[in-house]
Amino acid sequence: MPAPIRLRELIRTIRTARTQAEEREMIQKECAAIRSSFREEDNTYRCRNVAKLLYMHMLGYPAHFGQLECLKLIASQKFTDKRIGYLGAMLLLDERQDVHLLMTNCIKNDLNHSTQYVQGLALCTLGCMGSSEMCRDLAGEVEKLLKTSNSYLRKKAALCAVHVIRKVPELMEMFLPATKNLLNEKNHGVLHTSVVLLTEMCERSPDMLAHFRKLVPQLVRILKNLIMSGYSPEHDVSGISDPFLQVRILRLLRILGRNDDDSSEAMNDILAQVATNTETSKNVGNAILYETVLTIMDIKSESGLRVLAINILGRFLLNNDKNIRYVALTSLLKTVQTDHNAVQRHRSTIVDCLKDLDVSIKRRAMELSFALVNGNNVRGMMKELLYFLDSCEPEFKADCASGIFLAAEKYAPSKRWHIDTIMRVLTTAGSYVRDDAVPNLIQLITNSVEMHAYTVQRLYKAILGDYSQQPLVQVASWCIGEYGDLLVSGQCEEEEPIQVTEDEVLDILESVLISNMSASVTRGYALTAIMKLSTRFTCTVNRIKKVVSIYGSSIDVELQQRAVEYNALFKKYDHMRPALLERMPVMEKVTTNGPAEIVQTNGETETAVLETKPPPSGLQPANQANDLLDLLGGSDITPVIPTAPPSKPASGGELLDLLGDLNLTGSPVAAPAPQIAQPPFLLDGLTQPLFNDIAAGIPSITAYNKNGLKIEFTFERSNTNPSVTVITIQASNSTELDMTDFVFQAAVPKTFQLQLLSPSSSVIPAFNSGTITQVIKVLNPQKQQLRMRIKLTYNHKGSAMQDLAEVNNFPPQSWQ
Amino acid sequence: MIKFFLMVNKQGQTRLSRYYEHVEINKRTMLEAEVIKNCLSRSKDECSFIEYKDFKLVYRQYAALFIVVGIDQTENEMAVYELIHNFVEVLDKYFSRVVSETLNLLCNIFSLSKLW
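Residue numbers run consecutively from 1 along every chain, following the written order of its sequence. Each chain takes a letter, starting from A, and each ligand takes a number, starting from 1, following the order in which they are written. A pLDDT threshold of at least 70 governs which residues receive local features in this predicted model, and a stricter bar of 80 or more applies before side-chain atom pairs are shown or counted, although totals over entire chains, interfaces and linings include all residues. Heavy atoms from the whole structure form the basis of all side-chain values; hydrogens and water molecules are not counted.

- Under an unreviewed UniProt entry, the name given to chain B is AP complex subunit sigma, and the organism recorded is Ficedula albicollis.
- Under Subunit (unreviewed entry), UniProt gives the following word-for-word description of chain B: "Adaptor protein complex 4 (AP-4) is a heterotetramer composed of two large adaptins (epsilon-type subunit AP4E1 and beta-type subunit AP4B1), a medium adaptin (mu-type subunit AP4M1) and a small adaptin (sigma-type AP4S1)."
- The Sequence similarities (unreviewed entry) field of the UniProt record for chain B holds the comment "Belongs to the adaptor complexes small subunit family." UniProt positions are given in the numbering used here, feature names are shortened, and annotations may be inferred rather than shown by experiment.

- Taking an unreviewed UniProt entry as the reference, chain A is identified by name as AP-1 complex subunit gamma belonging to Ficedula albicollis.
- Word for word, the UniProt comment on chain A under Sequence similarities (unreviewed entry) is "Belongs to the adaptor complexes large subunit family."

Set out below in structure tokens:
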């Protein structure tokens, strides 16, 4: 058989292949030749063949049949053979293959070889692919080599030790004595690998960390020598002496100085020196500065040093080099939590980075901008961010939109600004807004009572032009359904009211229903909105009836169900229709994840949730909700609380199912987490006639009695939901003058949930001649002791009075 | 920690690859193809660090050859950028004319192994 071709030839041949198939063919031919050569046990050419095999492996072709050949090469006495054998072992073998254990003996012998290069090869291979068994067997040898005076071997042994520690952490103590003298070396190679070894040990074990803290002065000295020493040709990189070692030492200092005052103090000087003396014209200098900044921010450095670090980052931001700007933005993001004010100073530069062409930089700048928004700069920042939203890539739009919503919610200077911002986001990036944003927005809109007319007008104008952006259309349909009467009556204070007729409104909602671009969810919104308008509009009820009945035979099951139910409302239950389709009450913020949490204050034990009811003057719809209560209370149907949205068709079905469906669809259908907590509770209130409760015989208490105002609490426990306590308060006035504009507010600890229903009136007549009653429901799932803080405001004798009190005397039966 | 070190040409052919973590052989080719795609789509004024899956790519272009290093969060990106240049300088001194795809570089793959 002719001598196998050399690697050089093989590479040349493969290069000439013009297609992938041709290359594969060549390689397969060569593999076959190599295989037959291996079978012949040819010692002379084995080295060459394995080399070719390794090249083919690198290109992505399987080469497992060469593994045993590698072992044979390792066992050979020739250095050239051993070299290729070890290389092959590193590339082809790992602990997954059983054959690797056969190497252990070879490596052991080679670790004690007379030639340092062979020893070096063995150390390299062990440090690359040694399994835990091999490491355990050979750790002793490695440790011996770590103490040798030969620097070539010492540095390789240190890296091998790193690998051993990674594989078998228990062996760390074995290497401890050898590390004593490691830092005394002059050779940079040994120094570098020793620092790596020390870093690894410190990261893995807190005891080691404490032990090595005493090395800080020595490390500081080494670093100082590196900086101060003159030009050294073998270590110079663009004018700086061994930057790689400097970076490593800085990193080790970072780990040692974290959370430790003494070490941090010892480092202060050297860090300041590095920060000021390093040349920044080349990338090398900037790399060192970057590492220094990271170290300063991580240890307990003094404030002057921290300011220096942030200023360095600020300088980086102004640099022309993209890499440096990217690195600066990344570090600023890490530090913005701790040194907020210092980073604020660079806000304008960061905002400029939003306009950069580079995608990575833009993303970093966007994240950093959101972190920097606060009450003072929110208007300016929002303008920039909205402009960014207009022009950024689609992959950013979702994150940017969510970020804008969060920031707007936290820092909105006025309700109108908030709504304007939301509108802007919906119209520019409407299709990228996350699904859970829709219910949050709707809740926000219901909360800003005075803006309803303005909001609905703007939303109407927005979808008039374009109704393809689903979240926008969903919010708009919901609002039009709720506030359509405000829209047609043209009563908007904030801007020029537009003239809209009822038919025009119905036109737009119908086009949403018909359009191909509308998702099923959106169609559901639109249909419900049309239905709600039947009570708010006066002249188009017949048109609405027609639309609703058409969809009774829609292919979409969801739409069909709704249409059929609404039809039933028109026919059999027409007397209920006005009450059922009344304005939604102001929704509470539920304490779940998302924007709701931001409104909460910290601290588990503090009272966190303050529940207010809108002033009685705006309570006309809520009073009718009370009528609704009476309505249900008066009926004889046994309360059934649907735990999930009912899926059975409800044509002429039970009253409760009808109510349940409407209630759930009145709130957004997407049914995200915040809402799931609500339906059982709301339904609980509406379907649980208070009169049905067992009078548990809980004693009533006087919660407050001052200045002639007396408030009494009476308790009832709901028998279907044992963690709900229903408290009825009665406020009476024993003075000679009436108390007017009486508002009762209550707050409970975070583990509770509170629901305040509307009071009977806002005037407490004098001389105890009448009382105000109000119902409070408290959900107490953890059965903790009930505590409540109450706030009372009222007008009495011409002056406004306000008082805060804590109610602690709840009887145990009310919450156990 | 450095995850891998690649030298890939503009056409996507791998000239050198070294993985420091186990990656399946078929996944390697896919990874290399994706990585080179990411690097080729960058323009001159964009920075040399790309966020890719859960690690970062630091790349540098030398004529028709891309050198790409995959690192994780603990590494200093700028230092690795400098390391790549250092590596090329060393090869240049040792073999002369590294930048062009001469056979010298690849045929001395044995010597290259010493650098690991």
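## Quick notes on the overall build of chain B
Next up, step 1: The helix and strand inventory of chain B stands at four helices and five strands.
Next up, step 2: Traced from its N-terminal end to its C-terminal end, chain B shows the element sequence β-β-α-β-β-β-α-α-α.
Next up, step 3: Burial status follows relative accessibility: with a 1.4 Å probe on protein chains alone, a residue under 20% of its type maximum counts as buried, one over 50% as exposed, and anything between as partly exposed. Taken over 116 residues, chain B has a buried fraction of 54%.
Next up, step 4: Excluding contacts between residues fewer than 6 apart, the proportion of contacts in chain B whose partners are at least 24 apart in sequence is 44%.
Next up, step 5: The accessible surface values rely on the Shrake-Rupley method and a 1.4 Å probe; as for residues, cover is taken only from the protein chains in view. Carbon and sulfur atoms make up 53% of the accessible area of chain B, which totals about 5400 Å². Only runs of H or I of at least four residues qualify as helices and only runs of E of at least two qualify as strands under DSSP, and these elements are numbered from the N terminus. By definition, residues are in contact when any of their heavy atoms lie within 4.5 Å.

## Description of the overall build of chain A
Next up, step 1: Of regular secondary structure, chain A possesses 35 helices and 11 strands.
Next up, step 2: Every one of the 816 residues in chain A was classed for burial, and the buried ones make up 54%.
Next up, step 3: Considering only contacts in chain A between residues 6 or more positions apart, those separated by 24 or more positions represent 69%.
Next up, step 4: Of the roughly 35900 Å² of accessible surface on chain A, 51% is carried by carbon and sulfur atoms.

## Quick notes on the sheet that holds strand β5 (residues 65–71) of chain B
Residue and element names in this part refer to chain B.
Next up, step 1: Pairing is antiparallel across the open sheet formed by five strands, whose spatial order is β2-β1-β5-β4-β3. Unpaired on one side and paired on the other, β2 (14–19) and β3 (49–52) mark the two borders of the sheet. Strand-to-strand twist of the sheet, defined as the mean angle between neighbouring strand axes without regard to direction, takes the value 20°.
Next up, step 2: Any two strands are treated as partners once DSSP identifies two or more bridges connecting them. Summarising the sheet, strand β4 (residues 55–62) and β5 pair through seven bridges and their orientation is antiparallel. Across the sheet, the residue bridging to Val58 is Val69, located in β5. Axis angles are defined between N-to-C directions and span 0 to 180 degrees, where every axis is a line fitted to C-alpha atoms and, for a helix, only to the segment in contact.

## Examining the interface of chain A and chain B
Next up, step 1: Taken together, the contact pairs 44 residues of chain A with 37 residues of chain B.
Next up, step 2: Buried surface area refers to the total accessible area, computed with a probe of radius 1.4 Å, that the two partners give up upon joining, counted for both partners together. Taken together, both faces of the contact between chain A and chain B bury some 3800 Å²; the carbon and sulfur share is 59%.
Next up, step 3: Put simply, a salt bridge is a Lys or Arg side-chain nitrogen that is within 4 Å of an Asp or Glu carboxyl oxygen. Where chain A meets chain B, there are two salt bridges.
Next up, step 4: Here Asp358(A) makes a salt bridge to Arg42(B), at a shortest N to O gap of 3.7 Å.
Next up, step 5: Here a polar contact is taken to be a pair of N or O atoms separated by no more than 3.5 Å, where protein atoms must pair a possible hydrogen donor with a possible acceptor and residues adjacent in sequence count only if both atoms sit in side chains. The interface formed by chain A and chain B holds nine residue pairs in polar contact (both at pLDDT 80 or more) in total.
Next up, step 6: For the side of chain A that touches chain B, the secondary-structure elements that each account for two or more residues are α1 (7–16), α3 (43–58), α5 (79–92), α7 (116–129), α13 (243–257), α15 (283–298), α17 (322–335) and α20 (359–372) of chain A.
Next up, step 7: Element by element, the count of residues in the side of chain A that touches chain B is highest for α15(A), at six residues.

## So, helix α6 (residues 103–111) of chain A
Residue and element names in this part refer to chain A.
Next up, step 1: Along α6, the residues classified as buried are Met103, Thr104, Ile107, Asp110 and Leu111. Along the axis of α6, the buried residues cluster in a sector spanning 130°; they form a single face.
Next up, step 2: The inward-facing, buried residues of α6 contact α4 (67–75), α5, α7 and α8 (132–146). Throughout, the arc means that of the directions going from the helix axis to the C-beta atoms.

## Some thoughts on the pattern of salt bridges
Opposite charge on two side chains lets them pair, provided their charged atoms get close.
Residue and element names in this part refer to chain A.
Next up, step 1: Counted under the stated rule, the structure contains 44 salt bridges over all chains.
Next up, step 2: Ionic pairing is found between Asp298 and Arg258, a salt bridge with its closest N-O pair at 2.9 Å. Of this pair, Asp298 sits in helix α15 while Arg258 sits in the loop between α13 and α14 (261–277), and the two are 40 residues apart along the sequence.
Next up, step 3: Of the charged contacts in the structure, one is a salt bridge between Asp574 and Arg577, with a shortest N-O distance of 2.7 Å.
Next up, step 4: Arg577 sits in the buried class, given a relative accessible area of 10%.

## Description of helix α28 (residues 520–536) of chain A
Next up, step 1: By definition here, a helix of n residues has an expected span of 1.5 Å times n minus one. With 17 residues, α28(A) ought to run about 24 Å at 1.5 Å a step, and its terminal C-alpha atoms sit 25 Å apart, in line with that.
Next up, step 2: Of all 17 residues making up α28(A), 14 are buried, and the element is well covered by its neighbours.

## Focus on the environment of Pro177(A)
Next up, step 1: Here Pro177(A) is to be found in the loop between α9 (151–167) and α10 (188–204).
Next up, step 2: C-alpha separation for the pair Pro177(A) and Lys147(A), spaced 30 residues apart in sequence, amounts to 9.3 Å.

## Quick notes on the environment of Ile442(A)
Next up, step 1: Considering the arrangement of structural elements, one finds Ile442(A) in helix α24 (residues 437–447).
Next up, step 2: Residue classification places Ile442(A) among the buried positions, given a relative accessible area of 0%.

## Brief notes about the environment of Gln344(A)
Residues and elements named next belong to chain A.
Next up, step 1: Its location among the elements puts Gln344 in helix α18 (residues 340–344).
Next up, step 2: Since its relative accessible area comes to 16%, Gln344 is described here as buried.
Next up, step 3: For Gln344, the contacting residues outside a window of four places in its chain are Leu372, Asn374 and Asn377.
Next up, step 4: Within polar-contact distance, the side chain of Gln344 engages the backbone oxygen of Leu372 at 2.8 Å.

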